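# Structural overview for review
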Amino acid sequence: MPTVETVNGPIDVEKLGLTLIHEHFRTIDEAGRFQFPHLYDEQGEWDAAMHDANAVKGHGVKTVVEPSAMFLNRDAAFSKRVADESGLQVVLATGVYTYDHLPQFLLNRDEDAVAAIFVHEIEHGIQGTGIKPAFIKCAADEPGVTPNIEKIHRAAARASIQTGLPIMAHSRPASGTGPEQMRIFAEEGVDPAKVQVAHTGDTDDLDYIERLLDTGCWIGMDRYGLDLYLPTEQRNATVLALLERGYADRMFLSADACVTLDWYPREVDEQMLAAGLAKDWTMNIVHDKVLPALREGGATDEQIETMLVANPPRWLTG
Ligand SMILES: [Zn+2]
């Protein structure tokens with residue numbers, strides 16, 4: 001029986017159960033937190049994380065995959081505490097999350113040196129905890145696949161080849177990054193079935209999505225509630241169209257919820273909420289809003305089970 005690493009060690013892959021493939025218990029800028037701690041409320045962050053962890057547990061979720069990486073304040077000890085207190089299984093990543101900028105620390109190291117950092121974590125654990133990542137994270141966004149982004153993708157690919165771990169690639173359909181990212185992985189010799197192109201659900205362009213699926217990757221329909229990118233109704237219509245075309249075994253449903261997010265000043269957060277740009281954006285949206293609507297639109301229990309239960313072990317074990 002293949003196993004998957006969690007914050008509490010490896011588990012048999014069949015124990016993953018009902019899985020949200022892309023959620024964050026805390027998303028903050030690690031430099032901001034370290035340098036300007038007066039901006040942060042550790043107890044509030046913890047309470048919010050536990051609130052959502054317990055809520056999804058109440059929906060029957062067994063596992064939350066948390067694709068935080070460098071620059072998203074990945075914190076293995078925090079995630080383990082969430083798992084221990086809630087009873088959820090939590091799966092972590094190694095990797096770097098940037099849209100272009102790299103600090104000197106990464107600018108002056110090449111692909112192989114960065115890959116070696118990822119491989120060290122995969123073999124020895126994250127941040128000295130012994131907790132091992134189960135996959136490798138990288139990102140491309142509005143600037144596209146710049147030289148810095150290409151370097152991180154090639155490093156992720158090389159670490160994947162050396163360890164066999166899958167990759168999750170944050171993408172931006174509006175900039176057409178998905179196929180570009182898959183091209184780099186292919187050049188590095190990564191099996192496309194090991195790659196999940198996250199945020200593909202930010203578009204309802206079925207031609208783009210099918211072109212991406214033709215490369216052999218998985219796709220994340222994983223930003224439910226982020227109506228500023230695509231409203232829930234259009235996300236659902238896209239998922240239903242893809243289900244009709246037979247892609248249940250290639251998709252994931254999730255929200256990319258960030259329980260605490262420090263990217264914007266509080267007043268901007270409030271403006272965005274007031275404008276309805278992220279009104280239902282929580283870890284609960286898949287169960288509270290999306291599944292009922294998909295069922296009403298004709299999705300079968302078997303298709304839903306495939307996306308939430310059967311696909312995560314298949315992607316995570318390559
Ligand atoms: Zn995310």
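Residues numbered from 1 in each chain as written. Predicted model: local features only at pLDDT ≥ 70, side-chain atom pairs only at ≥ 80, totals over all residues. Heavy atoms only, no water.

### Re the overall build of the protein chain
Rules: Put simply, DSSP H or I for four residues or longer makes a helix, DSSP E for two residues or longer makes a strand, and each gets a number counted from the N terminus. The quantity called the radius of gyration is restricted to C-alpha atoms. Its globule counterpart is 2.2 Å times the number of residues to the power 0.38. For every residue, the accessible area (1.4 Å probe, protein chains only) is compared with the maximum for its type, and the residue is labelled buried under 20%, exposed over 50%, or partly exposed between those bounds. We call two residues contacting when some pair of their heavy atoms lies within 4.5 Å.
Helix and strand counts for the protein chain come out as twelve helices and ten strands. Its C-alpha atoms give the protein chain a radius of gyration of 18 Å, near enough to 20 Å, the size a compact globule of 318 residues would have. For the protein chain, with 318 residues in total, the buried portion stands at 55%. The contacts of the protein chain with a sequence gap of at least 6 include a subset with a gap of at least 24, amounting to 79%.

### Section: the environment of K137
With respect to the helices and strands, the residue K137 is situated in strand β6 (residues 135-139). On a C-alpha basis, the gap between K137 and E150 in space is 13 Å, while along the polypeptide they are 13 residues apart. Those residues within four positions of K137 in sequence are excluded, and the remaining contacts are H22, P67, A69, L72, A93, T94, G95, V96, Y97, M168 and H170.

### So, the packing of aromatic side chains
We count it as follows: Between rings of Phe, Tyr and Trp, where Trp is taken as its six-membered ring, a pair exists when centres lie within 6.5 Å; planes separated by under 30 degrees are stacked, by over 60 edge-to-face, and by other angles tilted. Each ring is checked for a lysine NZ or an arginine CZ that lies within 6 Å of its centre and within 35 degrees of its normal; such an atom marks a charge sitting over the ring.
Under the criterion given, the structure shown has six aromatic pairs. Measuring from ring centre to ring centre gives 5.3 Å for W218 and F252, while their planes differ by 35°; the resulting arrangement is tilted. Taken together, the positions of W218 in strand β9 (residues 218-221) and F252 in strand β10 (residues 251-253) put the pair 34 residues apart, joining distant regions of the chain. Of the residues examined, F252 reaches a relative accessible area of 1% and is grouped as buried. The interplanar angle of 65° and the centroid separation of 6.0 Å between the aromatic rings of F252 and W315 together place this pair among those described as edge-to-face. One end of the pair, F252, is in strand β10; the other, W315, is in helix α12 (residues 301-316), with 63 residues separating them in the sequence. Note on W315: relative accessible area 0%, which makes it buried. Ring pairs connect the aromatic residues F135, W218, F252 and W315, which therefore count as one cluster. Sitting over the ring of F78, R26 keeps its end group 3.8 Å from the ring centre.

### Some points on a nonpolar patch on the surface
As a reminder, the rule being used: Think of a patch as exposed residues, more than 30% relative accessible area, with no salt bridge, where like charges cluster within 9 Å and nonpolar side chains (Val, Leu, Ile, Met, Phe, Trp, Tyr) cluster within 5 Å. In this description, accessible areas are obtained by the Shrake-Rupley approach with a 1.4 Å probe, and a residue is regarded as covered only by the protein chains that are shown. Here a salt bridge means any side-chain nitrogen of Lys or Arg lying within 4 Å of a carboxyl oxygen belonging to Asp or Glu.
A contiguous nonpolar patch, built from L228, Y229 and L277 and spanning about 240 Å² of accessible area, is present on the exposed surface. When you line up the elements, L228 lands in the loop between β9 and α9 (232-244).

### Structural notes on the packing of α9 against helix α11 (residues 285-296)
Operational definition: To get an axis, a line is fitted to the C-alpha atoms, and for a helix only the part in contact is used. The angle between two axes follows their N-to-C directions and goes from 0 to 180 degrees. Small angles under 35 degrees read as roughly parallel and large ones over 145 as roughly antiparallel, with 65 to 115 read as roughly perpendicular and the rest as oblique. Two helices crossing with the near one rotated counterclockwise from the far one by less than a right angle form a left-handed crossing, whereas a clockwise rotation gives a right-handed crossing. Gly falls in the polar group here, along with every residue not listed as nonpolar (Ala, Val, Leu, Ile, Met, Phe, Trp, Tyr, Cys, Pro) or charged (Asp, Glu, Lys, Arg).
Put simply, α9 and α11 touch, their axes get as near as 10 Å, and they point 55° apart. Classified by the interaxial angle, the pair formed by α9 and α11 is oblique. Viewed along their axes, α9 and α11 form a crossing whose handedness is right-handed. Residues T232, N236, V239 and L240 of α9 lie in contact with α11, whose contacting residues are I285, V290, A293 and L294. When its residues are assigned to classes, the contact of α9 with α11 shows six nonpolar, two polar and no charged.

### Looking at empty space enclosed by the protein
Stated formally: Using a grid of 1 Å spacing that covers the protein atoms alone, one calls a set of points a cavity when a 1.4 Å probe fits there but cannot get out, and a pocket when the set is open and has protein on both sides within 12 Å along at least five of seven lines; lining residues are those with an atom within 4 Å of a point. Grid points are joined across faces, edges and corners, and a volume is the space filled by probe spheres set on the points.
This model, assessed by the stated rule, comprises one cavity of 30 Å³ or more. The volume enclosed by the largest cavity comes to roughly 50 Å³. Lining the largest cavity are F25, R26, E66, S68, L72, N73, R74, D75, F78 and S79.

### Observations regarding helix α3 (residues 76-86)
Rules: By construction, the arc corresponds to the directions joining the helix axis to the C-beta atoms. Definition of a polar contact: a pair of N or O atoms within 3.5 Å, with one able to donate and the other able to accept a hydrogen when the atoms are protein atoms, and with sequence-neighbouring residues admitted only if both atoms are side-chain atoms.
Residues of α3 that are buried include every one of A76, F78, S79, V82, A83 and S86, and no others. Take α3 and look down its axis: the buried residues cluster within an arc of 165°, on one side only. Where α3 is buried, its residues touch α2 (42-58), β4 (63-66) and β5 (89-95). By the N-cap criterion, in which a side-chain oxygen at the helix start approaches the backbone nitrogen of a residue two or three places on, α3 is capped by D75, the distance to A77 being 3.2 Å. Just downstream of α3, G87 is the residue with a positive phi angle, here 85°.

### A word on the sheet that holds strand β3 (residues 19-20)
The cut-off we apply is this: Two strands pair under a simple rule: DSSP has to find at least two bridges between them.
Strands sit in the order β3-β4-β5-β6-β7-β8-β9-β10 across an open sheet of eight strands; the sheet is parallel. Of all the strands in the sheet, just β3 and β10 have a single pairing partner and so form its edges. Pairing analysis gives three bridges linking β9 to β10, with the strands arranged parallel. Within the sheet, the bridge partner assigned to M221 lies in β10 and is L253. Those strands touched by helix α5 (residues 111-124) are β5 and β6, and its axis lies near 150° from that of β5.

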